[in-house]
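Residue-level structural notes
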Amino acid sequence: MSRFLQTLFFALIVKPIALVMLGLNVRRRNRLPGAGPAVLVANHNSHLDTLVLMSLYPLGQLRWLRPVAAADYFLRNRLSAWFATKIIGILPLDRTAEGGRNRLAPITEALEQGQIVILFPEGSRGEPEKREAFRTGIAHIAKARSDTPIVPIFMYGLGKALPRGEALLVPFFCDIFVGKPFSWTGNRKTFMAELEVRMNTLANEGDFPEWE
Amino acid sequence: MKVFPEISVPLLWAMAGIFVLLLLASATTITLVRLRPERDFTELSQRVRSWWVMASVFAVAIGLDRRLSFFFLGFVSFLALKEFLSLIPTRRADRRVLFWAYLAIPVQFFWASQAWYGMFIIFIPVYLFLLLPMRMILVGETEGFLKAVGTVHWGVMTTVFCLSHLAYLLILDSARTPAGGAGLLLFVVFLTQFNDVAQYISGKLLGRRKVIPKVSPNKTVEGLLGGVVTTLGLSVLIAPFLTPLYRHESLAAGLIISFGGFVGDVVMSAVKRDLGIKHSGSILPGHGGILDRVDSLTFTAPLFFHYIYYLHY
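Residues numbered from 1 in each chain as written. Chains lettered and ligands numbered in written order. Predicted model: local features only at pLDDT ≥ 70, side-chain atom pairs only at ≥ 80, totals over all residues. Heavy atoms only, no water.

1. What to know about the environment of R34(B)
Applied cut-off: A run of H or I in DSSP becomes a helix once it reaches four residues, and a run of E becomes a strand once it reaches two; helices and strands are each numbered from the N terminus.
Note that R34(B) resides in helix α1 (residues 9–35). Put simply, R34(B) and I277(B) are 243 residues apart on the chain and 33 Å apart in space, counted from C-alpha to C-alpha.

Encoded structure:
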């Protein structure tokens, strides 16, 4: 039932918004992994980020996509929790607990089941179209599953269309740059540096107007 | 009752002519690829393929149903405005102002569909011109105010007001318009686009002297004149079937469209140069964005409209 609702939601609402109201300009779509296990790592500016990334996949593949999302935010009430877990299919992440690496167990499990995990290493949307320092959780995942391809993706425009704290969607074209997959480099520091460099390269590909 | 009330015999012939031209273009491209395998014709093939798509969508949109035609033209305006607003620097504070700018599109095309000429002609130049700064002062951000209000209104004037003249052509039916409003629309759109192509081809083949090197280094005098001659000829040839223009009037229409198209193209080039980009988008493979395709129309649509409106309506 919820899978049917998910298909319906993406077919009737998400895809039309992404393709008609916004308009996506995807560079190198062919680099998106067709099957898991894989991790899509993207910068985070808007609630639309997850939906638009998922909309890049055919409806039939939606159930393989698992965006990692903050449990404290998305599970704050029953309706939101139902929507987040059943319709979007998030992997809830406990941002507050001291539990350390165990928190990431559901993510590695999902990867073991061959799912495609979507992760925003900035941890929150923050100021729209401004990048924040990446958290190191992604490094733990990459280390635990060192054969999993990590696909860096840079997105621009969605933070303008629907920034944090706004409910009104204003149409803007969205640029999406898909980078080359890479994997665990051997240690955390070089891995995070590698991710940073790859993201910066993708971000520098675009020519973005000022927005302030 | 006819099934497709918009389609008249001359309109059908004109559309058939366009598809014959496209067949020729495809045949030429295939021949070039065969003859000179060492050269890369990817962009040319993409361009021709995009033309097929655009011509087919356009033919369906203006042939099937008038409401669909208005909706289609409004959607083209929307895409163009969205592209423009995505390319220019905007302020976060103006998100709601931009929302109002988008809302102007359905309203403006509604005036056109109702044939309310007075409202159609002042809504964006007067009312929206006053409304946008008013909405901006309600937000209260004064830094960059003049630039923001100026660029947004310029964008709406170009992509909505100017392009909406295409929609108003649709309702200029009269006993003297052999193919109805749809014929006038087809006339100006076809001549404008063909003029672009003719300028491009004659520029490639004969181009020597640059005509406006600071803005568009690829535009040449020879290209411009090639476009003018071709468009004049086609205008005189086609006008009797699609428009109420007399022969001498159709000569002037050809001049208006070829020079107007040239200027519109170069103006949008200046905007892109200012923004530091080459293409406005990538929605039309081989061409670029919507703005790259409708740049000439932003000039020719209002110029042709007011010319024919003054003479015959």
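2. Here's the deal with unusual backbone geometry
All names here are of chain A. One non-glycine residue, R28, lies in positive phi territory at about 60°. The phi dihedral of E129 falls on the positive side, at around 60°, and the residue is not glycine. Along the chain, the position of E129 falls in the loop between β5 (116–119) and α6 (137–144).

3. Considerations on the packing of aromatic side chains
Worth spelling out the cut-off: Centre distance within 6.5 Å is the pairing criterion for rings of Phe, Tyr and Trp, where only the six-membered ring of Trp is used; planes under 30 degrees apart are then read as stacked, over 60 as edge-to-face, and the remainder as tilted. Remark: exposure states derive from per-residue accessible area (1.4 Å probe, protein chains only) relative to the maximum for the residue type, with buried under 20%, exposed over 50%, and partly exposed in between. In this scheme, Lys NZ or Arg CZ marks a charge over a ring once it lies within 6 Å of the ring centre and within 35 degrees of the ring normal.
Inspection of every chain in the model, using the stated rule, returns 28 aromatic pairs over all chains. Seen from their ring centres, F177(A) and F208(A) are 6.0 Å apart, and the 70° between their planes marks the pair as edge-to-face. Pair noted here: F177(A) is in strand β7 (residues 174–178) and F208(A) is in the segment after α8 (188–205), with a separation of 31 residues, a long-range link. Note on F177(A): relative accessible area 0%, which makes it buried. Every member of this aromatic cluster is reached through a ring pair, and the members are Y117(B), F120(B), F161(B), Y168(B), F305(B) and Y309(B). The ring of Y73(A) carries the charged tip of R76(A) above its face, separated from the ring centre by 4.5 Å. One cation-aromatic arrangement involves R47(B) over Y200(B); the distance from NZ or CZ to the ring centre is 5.0 Å.

4. Notes on the layout of surface pockets
Quick note on the threshold: Using a grid of 1 Å spacing that covers the protein atoms alone, one calls a set of points a cavity when a 1.4 Å probe fits there but cannot get out, and a pocket when the set is open and has protein on both sides within 12 Å along at least five of seven lines; lining residues are those with an atom within 4 Å of a point. Grid points are joined across faces, edges and corners, and a volume is the space filled by probe spheres set on the points. Here the nonpolar group is Ala, Val, Leu, Ile, Met, Phe, Trp, Tyr, Cys and Pro; Asp, Glu, Lys and Arg are the charged ones; every other residue, Gly included, is treated as polar.
Taken as a whole, the second largest pocket spans an internal volume of roughly 900 Å³. Taken together, the residues of the lining of the second largest pocket sort by class into 19 nonpolar, 10 polar and 7 charged.

5. A few points about the environment of D207(A)
Let me state the cut-off plainly: We call two residues in contact whenever any of their non-hydrogen atoms come within 4.5 Å of each other.
Topologically, D207(A) is positioned in the segment after α8. Along the chain, D207(A) and Y156(A) lie 51 residues apart, while their C-alpha atoms are 10.0 Å from each other. Look past the residues within four positions of D207(A) in its chain and what remains in contact with it is G276(B) and I277(B).

6. Observations concerning helix α5 (residues 105–112) of chain A
Residue and element names in this part refer to chain A. Which entries qualify depends on this criterion: The directions considered for the arc run from the helix axis to the C-beta atoms.
Inspection of α5 places I107, T108, A110 and L111 among the buried residues, and these make up the whole buried set. The arc that holds every buried residue of α5, seen down its axis, measures 155°, which confines them to one face. Considering only its buried residues, α5 is in contact with β2 (38–42), β3 (65–70), β4 (91–93), β5 and α6. G114 lies just past α5 and shows a positive phi near 80°.

7. Section: the nonpolar core
What counts here: By nonpolar core we mean a set of buried residues, namely Ala, Val, Leu, Ile, Met, Phe, Trp, Tyr and Cys, connected to one another through side-chain atoms within 4.5 Å.
I153(A), I176(A), L166(B), L186(B) and F304(B) are the most contacted members of the largest nonpolar core, which has 122 residues in total. For this core, the leading source of residues is helix α6 (residues 145–170) of chain B, giving 12 residues. Setting aside chain neighbours within four positions, we find L186(B) in contact with L11(B), A14(B), M15(B), I18(B), F58(B), I62(B), L191(B) and L242(B). Residues L111(A), F134(A), L195(A) and A203(A) belong to the second largest nonpolar core, which totals 29 residues.

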